[in-house]
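Below, each chain spelled out in residue letters.
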Amino acid sequence: MRRIVVTGYGIVSPLGCGADLVWQRLVAGRSGIRRLPDNLVPDVPAKIAGVVPTIADDAEGGFDPLRTVTAKEQMRMDRFIQFAMTAADEAIKQSGWAPSTDAERNRTATIIASGIGGFATMKQAVHTIDQRGARKLSPFTVPSFLVNLAAGQISIRHGFRGPIGAPVTACAASLQALGDGARLIRTGEADVAVCGGSEACIERVSLGSFAAARALSTDFNDTPERASRPFDKKRDGFVMSEGSAVLVIEALDHALARGATPLAEIVGYGTTSDAFSMAAAPSDGEGLQRCMRLAIEAAGVTPDVVGHINAHATSTPLGDAAELTAIRGVFNGSPVLVTSTKAATGHLLGAAGAIGAIFAIGALRTGTMPPTINLEDADDLASGLAMVGPKARTQDIDYAMANGFGFGGVNASVLMKRWEA
């Protein structure tokens with residue numbers, strides 16, 4: 001089968017915009033979690049979230065949609081699409097991929113996932129109908145909120161005419177996008193795939209709905225930087241965040257032929273279903289274990305060579321415990337270093353897996369395992385595991401894994417290898 005490498009990536013996140021800047025802030029132990037305005041969540045018990053900063057908030061790393069789309073275009077795109085286009089622009093620029101022939105454009109796939117899509121646009125449309133009637137709806141309402149329009153707008157902007165897709169599989173969606181892209185390349189249907197995820201649904205309905213399910217953190221409203229605490233005994237729920245992460249992946253022979261610089265190699269992918277519950281994994285993490293094992297087996301290696309895991313761990317009591325049990329079952333005492341970067345970014349829902357994969361690549365390239373800030377008193381199930389706590393750890397590694405698990409029992413794992421020419 002064709003070998004697959006990553007040649008570019010881009011990030012829009014609560015830690016800022018731009019993969020290099022975000023990585024620096026992540027490794028330094030910065031948090032992107034902030035208190036929300038009271039008028040946004042007047043009756044929602046969770047008052048915090050990971051909001052992408054604006055240029056006014058963050059001159060160095062703030063989000064400015066005008067750098068990517070015009071003011072007129074913004075009226076036709078939900079915020080999640082704008083995030084995706086910005087992250088894709090960065091990834092594509094780094095990769096240097098600019099197809100100039102029909103054949104090249106026809107063999108470039110675009111697969112951008114989202115857990116929810118344009119939720120804010122849908123909410124506004126309902127409000128418009130209630131207040132002003134259906135005749136006042138914008139003709140761009142539907143293309144603004146459809147999940148597949150993130151991929152659609154990216155493909156239109158760059159002229160990519162290969163396969164297009166948009167997994168909608170909750171918090172595993174963007175890792176499935178990466179896996180789907182890799183499969184297209186391995187089967188010869190594409191040479192390049194622009195893959196990732198995007199999410200932007202920090203508003204009253206979505207926050208209130210997750211709060212009603214008691215899924216969100218509420219104990220740290222006055223100290224938001226301390227709220228997201230994966231694997232810690234004081235964790236009390238996840239912190240919802242927004243943002244986008246996009247990777248350019250391509251066949252190794254194709255990348256080398258055009259002089260591109262590989263950043264890492266994708267060597268394994270696995271995806272499974274728990275078939276257990278709509279919102280929780282079984283306590284033994286059986287489906288999670290099968291998922292990680294599939295990725296490892298696809299790479300033709302054994303668990304002991306995996307040096308690092310960017311865990312899915314969102315800071316929920318049951319979910320984190322199931323993942324710890326699964327990691328213990330798969331790695332059986334091997335000293336794999338385990339991090340959950342959601343402690344710093346919060347949970348980007350459908351974009352979480354892709355940003356975790358980029359952070360895992362950062363660990364491969366630099367030998368630095370990013371910290372799990374707020375991990376002060378680890379869950380008893382972490383005993384014997386090599387947990388990366390509030391400070392980054394340095395160690396040369398050859399393989400790193402990113403996990404993404406979601407509602408409905410969907411699981412995805414991607415295994416990557418350090419690139420050596």
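Everything quoted here is computed from the prediction, not taken from an experiment.

(A) Structural view of the packing of aromatic side chains. In the structure shown here, the tally under the stated rule is four aromatic pairs. Ring centres of Trp23 and Phe359 lie 6.4 Å apart, and the angle between their planes is 40°; this geometry places the pair in the tilted category. A residue pair is termed long-range when its members are at least 10 positions apart, and Trp23 in helix 1 (residues 19-27) and Phe359 in helix 14 (residues 352-366) qualify at 336 residues. Consider the rings of Phe210 and Phe238, whose centres lie 5.3 Å apart with planes at 80°: the pair is edge-to-face. In this pair, Phe210 is assigned in helix 9 (residues 204-212) and Phe238 in the loop between helix 9 and strand 8 (243-251), connecting sequence segments 28 residues apart. On the basis of relative accessible area, Phe238 is assigned to the buried category, the value being 6%. Linked through ring pairs, Phe210, Phe238 and Phe407 together constitute an aromatic cluster.

(B) Geometry of the nonpolar core. Among the nonpolar cores identified, the biggest contains 56 residues, and Val6, Tyr9, Leu178, Leu247, Ile249, Ile266 and Met416 are the most heavily contacted of them. Ranked by the residues each element gives to this core, the list is headed by helix 14, at ten residues. Residues in contact with Ile266, not counting those within four places in the same chain, are Ile4, Val6, Leu178, Arg186, Ile249, Val414, Leu415 and Met416.

(C) Focus on helix 3 (residues 79-95). Spanning 17 residues, helix 3 covers 24 Å between terminal C-alpha atoms, matching the ideal 24 Å at 1.5 Å per step. With a side-chain oxygen lying 3.0 Å from the backbone nitrogen of Phe80, the N-terminal cap of helix 3 falls on Asp78. Looking one or two residues past helix 3, Gly96 carries a phi angle of roughly 75°, positive in sign.

(D) Focus on the confidence of the model for the chain. Mean pLDDT over the chain: 97, with 100% of residues reaching 70 or higher. Of all the helices and strands in the chain, helix 2 (residues 71-74) carries the lowest mean pLDDT, 93, while strand 8 carries the highest, 99.

(E) Expanded view of unusual backbone geometry. Phi angles above zero are rare outside glycine, and Ala170 is one such case at about 50°. When you line up the elements, Ala170 lands in the loop between strand 6 (164-165) and helix 8 (173-186). For Leu349, which is not a glycine, the phi torsion comes out positive at approximately 50°. Turning to its location among the elements, Leu349 is positioned in the loop between helix 13 (342-345) and helix 14.

(F) Layout of the packing of helix 3 against helix 7 (residues 149-158). Direction vectors running N to C along helix 3 and helix 7 enclose 45°, while the axes themselves pass 9 Å from each other. By the angle between their directions, the pair helix 3 and helix 7 is classed as oblique. Considering the relative orientation of helix 3 and helix 7, their crossing is right-handed. Residues Phe80, Ile81, Ala84, Met85, Ala88, Asp89 and Ile92 of helix 3 pack against Leu149, Ala150, Gln153, Ile154, Arg157 and His158 of helix 7. Split by residue class, the contact of helix 3 with helix 7 holds nine nonpolar, two polar and two charged.

Each value, and the rule that gives it
- Residues numbered from 1 in each chain as written.
- Predicted model: local features only at pLDDT ≥ 70, side-chain atom pairs only at ≥ 80, totals over all residues.
- Heavy atoms only, no water.
- Phe/Tyr/Trp six-rings, centres within 6.5 Å; stacked < 30°, edge-to-face > 60°.
- Helix = DSSP H or I, 4+ residues; strand = E, 2+ residues; numbered from the N terminus.
- Buried < 20%, exposed > 50% of the residue type's maximum accessible area, 1.4 Å probe, protein only.
- Core = buried A, V, L, I, M, F, W, Y, C linked by side-chain atoms within 4.5 Å.
- Contact = heavy atoms within 4.5 Å.
- Expected span 1.5 Å × (residues − 1).
- Polar contact = N/O pair within 3.5 Å; in protein donor to acceptor, adjacent residues only side chain to side chain.
- pLDDT = per-residue confidence, 0-100.
- Axes fitted to C-alpha atoms, helices over the stretch in contact; angles between N-to-C directions.
- Parallel < 35°, antiparallel > 145°, perpendicular 65-115°, else oblique.
- Left-handed = near helix turned anticlockwise from the far one by under 90°.
- Nonpolar A, V, L, I, M, F, W, Y, C, P; charged D, E, K, R; others polar.

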